[in-house]
Amino acid sequence: AIPVRSSRLPLLSDAMPAPAHLFPLIRSCEIGRLCSAACYCHRKHLCCVSAHFTHGHFRCAPQRKFAALCRPKENFNRFIHTRDYASTPQRFYLTPPQVNSILKANEYSFKVPEFDGKNVSSVLGFDSNQLPANAPIEDRRSAATCLQTRGMLLGVFDGHAGCACAQAVSERLFYYIAVSLLPHETLLEIENAVESGRALLPILQWHKHPNDYFSKEASKLYFNSLRTYWQELIDLNSGETTDVKEALINAFKRLDNDISLEAQVGDPNSFLNYLVLRVAFSGATACVAHVDGVDLHVANTGDSRAMLGVQEEDGSWSAVNLSYDHNAQNEHEVERVKMEHPKSEEKSLVKQDRLLGLLMPFRAFGDVKFKWSIELQKRVVESGPDQLNDNEYTKFIPPNYHTPPYLTAEPEVIHHKLRPQDKFLVLATDGLWETMHRQDVARIVGEYLTGVHHQQPIAVGGYKVTLGQMHGLLTERRARISSVFEDQNAATHLIRHAVGNNEFGAVDHERLSKMLSLPEELARMYRDDITIIVVQFNSHVVGACQSEQL
């Protein structure tokens, strides 16, 4: 198997814990009223086609038959703040300890040694966390130190049509990147060790939460595909130093190609055969950062984002985008898609802000329904297991499907030279960015990390506020500052704000309690899975490295 060095034991469970079911505080008899009064269709929620073998495809276009359940988003805000139920005079809230238990269930922190015996690290450490909305959660996260080269890899992966593709990419992508970065001599050494049956050099040291597991059943298959890749790199040796940007692009594209090929070839083991097909027919976006000294590279495929937190001279915080969404809101991305297909398809390529009227992200791993020819799709489905052949989604052909592939996993790579004022990096799936503006994210994380709060005038956004209400808002803000350190993890602190902020930008415990106590069948209608990694930089090391390069 691929060599792994980790202090954590992998779990075999396929499902991340979904804390909503721990506190079913909304009675099932009220679900109908909640749906009709408070539900809204937010990007990829309730009114979506069924796409996974057991779960809905939340990145597909709305269907008319669900339209009656959808209400404007404003109704949701009204429900959160003012909704009363005549039949339920008693209100149920999670206590602060219960809220904290849910928010902290998946948090993880890692502190990087300033000197690891070879290099001085520009990374102080990172905090990560996840809050599920789907059951099981479709997001994944990964973090690892490169052992045979320099630097750290960190990434978030947002799955759709199930978690299979996101799980596979979170396990495999960093190996493909690490192999792409290895010098020719090290690749030869690893290949010779495999040939002779000797122990392999460890490539990555993983930093994992106990719930972040590896699929032991597929490890041999994944290893064989990775080995084929490094054998090709050995044969193609040009003698030149590997460029990080090129290595990232090649790794993304090669893994996606292997996912497709494994599904076409199949496997004699029925479990693995079904697994590789689930991976290929589901999909995942990826946002990955490689940090080596002052060189920060971000490779993004899809609509997760990377954002740099910068501290200005006056102590305030600003945000710098290090990725661009690959969706219909990106005009350059829409033009790219149109350029790759005949002009006769121009009107059908993007409909309702979706690729072929169905898919939100314009770049993703897997999603072979948007990549394979119709003939290949039919052949694989018909020859596959019954679970696949009986599934309506896998047999469904997208409309106006004439010149595939329509989708790519090739990432857009941005290189940034770190400066002493660059204090942290936030990688997050779109569940965060749908609820918070990047400038608010930069301020909240920056103030959390430094403990210094720059007070802004309270904005009431057009609301009529009495003197007593304003006094309450100021009191809440004072309490919020005094309790900021109840979170020992920056990602947890950010999730608390993303889920619990009210219209005035303050964490409202009542709102937070209601959001976290929604049952599984309702939670996904109000928000997406949220996965966050906050990377803190060592400004002293960054400054010293910057001086050496001048």
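The structure under discussion appears in the preceding block.
Values in this document were obtained by computation on a predicted structure and should not be read as measured data.

Basis of the calculations
Residues numbered from 1 in each chain as written. Predicted model: local features only at pLDDT ≥ 70, side-chain atom pairs only at ≥ 80, totals over all residues. Heavy atoms only, no water. Axes fitted to C-alpha atoms, helices over the stretch in contact; angles between N-to-C directions. Helix = DSSP H or I, 4+ residues; strand = E, 2+ residues; numbered from the N terminus. Parallel < 35°, antiparallel > 145°, perpendicular 65-115°, else oblique. Left-handed = near helix turned anticlockwise from the far one by under 90°. Contact = heavy atoms within 4.5 Å. Salt bridge = Lys/Arg side-chain N within 4 Å of Asp/Glu carboxyl O. Buried < 20%, exposed > 50% of the residue type's maximum accessible area, 1.4 Å probe, protein only. Pairing = 2+ DSSP bridges. Nonpolar A, V, L, I, M, F, W, Y, C, P; charged D, E, K, R; others polar. Core = buried A, V, L, I, M, F, W, Y, C linked by side-chain atoms within 4.5 Å. Expected span 1.5 Å × (residues − 1). Phe/Tyr/Trp six-rings, centres within 6.5 Å; stacked < 30°, edge-to-face > 60°. Lys NZ or Arg CZ within 6 Å of the ring centre and 35° of its normal.

A. Seen up close, the packing of helix α15 (residues 438-450) against helix α17 (residues 490-500). In contact at an axis separation of 10 Å, α15 and α17 are set at 135° when each is read in the N-to-C sense. Compared by their axis directions, α15 and α17 come out oblique. Both α15 and α17 take part in a crossing whose hand is right-handed. Contact residues: α15 offers V441, I444, V445, Y448 and L449, while α17 offers A490, H493, L494 and H497.

B. Fine view of the pattern of salt bridges. Taken as a whole and assessed by the stated rule, the structure comprises 22 salt bridges. Between E195 and R227 there is a salt bridge, with the nearest N and O atoms lying 3.0 Å from each other. Of the two residues, E195 is situated in helix α5 (residues 184-196) and R227 in helix α6 (residues 219-235); the sequence distance between them amounts to 32 residues. Owing to a relative accessible area of 56%, E195 belongs among the exposed residues under this scheme. The partner of K371 in a salt bridge is D256, and the shortest N-O contact between them spans 2.8 Å. Of the two residues, K371 sits in the loop between β13 (365-366) and α11 (374-383) while D256 sits in helix α7 (residues 244-265), which places them 115 residues apart along the sequence.

C. Structural detail: the sheet that holds strand β9 (residues 305-311). Spatial strand order, β2-β3-β16-β15-β9-β10: six strands in an open sheet with antiparallel pairing. Here the strands that pair on one side only, and so sit at the sheet edges, are β2 (108-111) and β10 (317-321). Across the sheet, the axes of successive neighbouring strands diverge by a mean angle of 20°, strand direction being ignored.

D. Structural view of the packing of α7 against helix α8 (residues 270-281). Axis separation between α7 and α8 bottoms out at 8 Å; the angle between their running directions is 135°. Classified by the angle between their axes, α7 and α8 sit oblique to one another. By crossing handedness, the relation of α7 to α8 is classed as left-handed. Across from I259, E262 and A263 in α7, the residues of α8 making contact are V276, L277, V279 and A280. For the contact of α7 with α8, the residue count by class is six nonpolar, no polar and one charged.

E. Highlighting the environment of K208. Residue position: K208 is located in the loop between β6 (204-206) and α6. The spatial distance from the C-alpha of K208 to the C-alpha of F110 is 9.1 Å, given a sequence separation of 98 residues.

F. Looking closely at unusual backbone geometry. Cis geometry marks the peptide bond from A135 to P136; its omega dihedral reads 0°. On the secondary structure map, P136 appears in the loop between β3 (123-131) and β4 (139-146). If you check the backbone angles, A161 has positive phi at about 60° while not being a glycine. Structurally, A161 can be placed in the loop between β5 (152-160) and α4 (164-181). Despite not being glycine, Q352 shows a phi value in the positive range, around 55°. Here Q352 lies in the loop between β11 (350-351) and β12 (354-355).

G. Here's a closer look at the nonpolar core. One finds L173, F174, I177, L204 and F365 to be the most contacted residues of the largest nonpolar core, which totals 62 residues. With 13 residues, α4 is the single largest residue contributor to this core. Discounting chain neighbours no more than four positions away, the residues touching L173 are F157, A251, F252, L255, V288 and F365. Grouped together as the second largest cluster of nonpolar side chains are 36 residues, F424, A428, L522 and V534 included.

H. α6, seen in detail. If you check α6, its first and last C-alpha atoms are 24 Å apart, about what 17 residues at 1.5 Å a residue would give, namely 24 Å. Inspection of α6 places L221, Y222, F223, S225, L226, R227, Y229, W230 and I234 among the buried residues, and these make up the whole buried set. On its buried side, α6 packs onto α4, α5, α7 and α8.

I. Structural context of the packing of aromatic side chains. The tally for this structure, following the rule as stated, stands at twelve aromatic pairs. Measuring from centroid to centroid gives 5.9 Å for Y108 and F126, while their planes differ by 45°, and the two rings are tilted. Placement of the pair is Y108 in strand β2 and F126 in strand β3, with a sequence separation of 18 residues. For the pair Y108 and F126, one class covers both residues: buried. Between W206 and F214, the aromatic rings sit 5.1 Å apart at their centres with planes inclined by 80°, giving edge-to-face as the arrangement. Put simply, the rings of F157, F174, Y175, W206 and F214 pair up and form one aromatic cluster. One residue, K208, lies across the ring of W206, its end atom 5.2 Å from the ring centre. Sitting above the plane of the Y274 ring, R278 keeps its charged end 5.9 Å from the centroid.

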